[in-house]
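The primary structure of each chain is shown beneath.
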Amino acid sequence: MQQLHKDVVVIGAGPGGLAAAVAAAREGAKVLLAERNGYPGGQLCSGLPFLAFLDRKKRQVIGGIAQEFVDRLKAMGGTEGHVYCPFHLSTTMIHPFYARIIAFQMLAEAGVELLLHCELTAVRKTDGKITSVEVTGKGGTLELSAGIFIDATGDGDLGYMAGAVCDKGQEGSHTLQPPTLMFNLGGVDFNRFCDFIEQHPEELPYGLNMHNLREGYDAAFFRSNPSFIFFGMQHLVERLQREGKCPIARDTIIFIRQPIPGEVAVNTIRLLNFDGSDIRDLSRGEMEAHLQILPLIDMFREHVPGFENCYLTSINAGIGVRESRRIRGRKTLHYPDCLRGNVPEDTIALCSYFLDIHSGTGSGTRGIPVEEPFGIPYLCLVSEGVDNLMMAGRDISVDPLAFGATRIMNVCMAVGQAAGTAAAMAAKAHIFPADVETAVLREKLLEQKAILKI
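Fair warning: this is a prediction, and the values are worked out from it, not measured in the lab.

A short note on the pattern of salt bridges
Proximity of charged atoms lets side chains of opposite charge pair with each other. Within this structure, the stated rule accounts for 30 salt bridges. Across the salt bridge formed by Glu 113 and Lys 6, the nearest N and O atoms sit 2.8 Å from each other. Taken as a pair, Glu 113 in strand 6 (residues 113–115) and Lys 6 in strand 1 (residues 2–11) lie far apart in primary sequence, 107 residues in all. Residue classification places Glu 113 among the partly exposed positions, given a relative accessible area of 30%. By relative accessible area, Lys 6 is classed as buried at 16%. A salt bridge links Glu 238 to Arg 242; the nearest nitrogen and oxygen atoms lie 3.9 Å apart. Pair noted here: Glu 238 and Arg 242 are both in helix 7 (residues 234–242), with a separation of four residues, about one helical turn. On the basis of relative accessible area, Glu 238 is assigned to the partly exposed category, the value being 45%. By relative accessible area, Arg 242 is classed as exposed at 62%. Taken together, the shared-partner salt bridges connect Arg 26, Glu 68, Arg 72 and Glu 109 into one network.

A few points about the pairing of strand 18 (residues 355–358)
Of the two faces of strand 18, the one holding Leu 355 and Ile 357 and the one holding Asp 356 and His 358 are both buried throughout. Two elements, strand 18 and strand 19 (residues 365–368), share four bridges in a ladder whose sense is antiparallel. Paired with Asp 356 across the two strands is Gly 367, which belongs to strand 19. Count of turn residues in the strand 18/strand 19 antiparallel hairpin: six residues.

Procedures and definitions
- Residues numbered from 1 in each chain as written.
- Predicted model: local features only at pLDDT ≥ 70, side-chain atom pairs only at ≥ 80, totals over all residues.
- Heavy atoms only, no water.
- Salt bridge = Lys/Arg side-chain N within 4 Å of Asp/Glu carboxyl O.
- Helix = DSSP H or I, 4+ residues; strand = E, 2+ residues; numbered from the N terminus.
- Buried < 20%, exposed > 50% of the residue type's maximum accessible area, 1.4 Å probe, protein only.
- Pairing = 2+ DSSP bridges.

What follows is the structure in structure tokens.
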């Protein structure tokens with residue numbers, strides 16, 4: 001078995017893992033990043049946008065590597081930048097294929113060693129810390145050892161396999177937010193679609209359980225905004241469900257305008273009673289999700305003005321899992337702190353997004369507003385039970401409601417930047433992540449143009 005040793009090993013190259021690997025390498029650590037897909041970036045490459053770079057008062061709350069990613073994307077013509085939204089606070093469109101290229105560029109420039117097409121298959125642990133992991137691909141296995149390991153799998157796979165305490169689901173139940181499979185449609189007439197919404201304002205989400213919504217989210221906003229997300233059409237969906245013409249178990253439709261002429265990403269497929277950490281559910285879900293696509297396209301062509309001539313342009317590489325395991329940290333962020341806008345002294349990233357909860361057993365979605373940005377404490381990124389394990393991305397230590405906000409991609413990148421920087425500090429000093437001086441870490445993050453207070 002081939003053996004590789006690094007200062008820091010990151011498992012998972014989604015938004016959190018990408019930022020963690022780049023940050024650690026820029027701090028001088030020798031870094032290896034392992035990923036199961038054939039490209040880095042994860043959901044950055046799906047058609048999803050960044051949300052809530054801005055807060056309710058239009059102040060920017062996330063900078064650093066996430067902002068650098070947007071700047072690079074804008075230079076390629078792959079985004080319009082941050083645009084205020086009365087619903088999502090702000091939207092930042094991402095060209096899905098430019099995103100892949102930028103992710104490769106950033107890793108190469110930082111000197112990160114990248115392993116693609118490999119799965120985490122084993123974890124070795126001694127005296128409360130991980131000594132090595134095994135990744136397998138193309139019939140071969142590599143053993144990776146390091147001083148610090150970062151779980152950026154999203155599903156907490158590394159932590160779970162290492163015996164870390166993990167949490168899943170809402171309080172008092174194991175219900176998880178449902179996944180989706182993103183797909184893109186070309187040939188959309190946005191003017192005709194906006195005319196339809198202007199003539200049918202009842203299809204806007206006012207009246208739903210979305211208390212974060214503000215006035216101004218309407219046809220005029222969509223018409224003047226090249227970077228909009230449409231959420232709504234509940235009356236049309238309800239009618240088509242009664243008539244047996246709607247293949248989805250949800251009450252709304254989400255269209256995300258792309259930085260590609262005439263193209264939208266569709267974030268509408270919903271799979272109920274699903275656990276993204278279960279390989280059987282993943283397998284079932286991939287089939288069910290793909291089989292929903294053509295009926296949805298037919299439904300859009302027949303019933304949604306502007307979509308009469310739409311056609312399928314791409315399907316994401318895999319299901320987008322909203323929620324699975326969260327690894328218990330030395331601290332846990334609780335939702336009352338989010339609602340109070342609490343920014344503690346050990347904050348390593350800010351978040352202003354609302355608590356966005358998609359039902360895992362039914363059709364509904366609810367939004368709980370966050371009026372002021374809140375801080376994510378450093379020790380939410382440090383495993384409670386595995387001394388040299390950190391988390392980057394949606395598997396950090398938060399409660400189920402706080403998770404509804406912290407799971408978005410730019411927050412995952414901000415958290416990943418902090419995790420990677422701290423991991424490099426710990427590796428250099430031969431200490432555990434819990435012993436990193438938070439004040440020094442914050443100074444480094446500020447030097448890296450992170451935003452830690454408003």
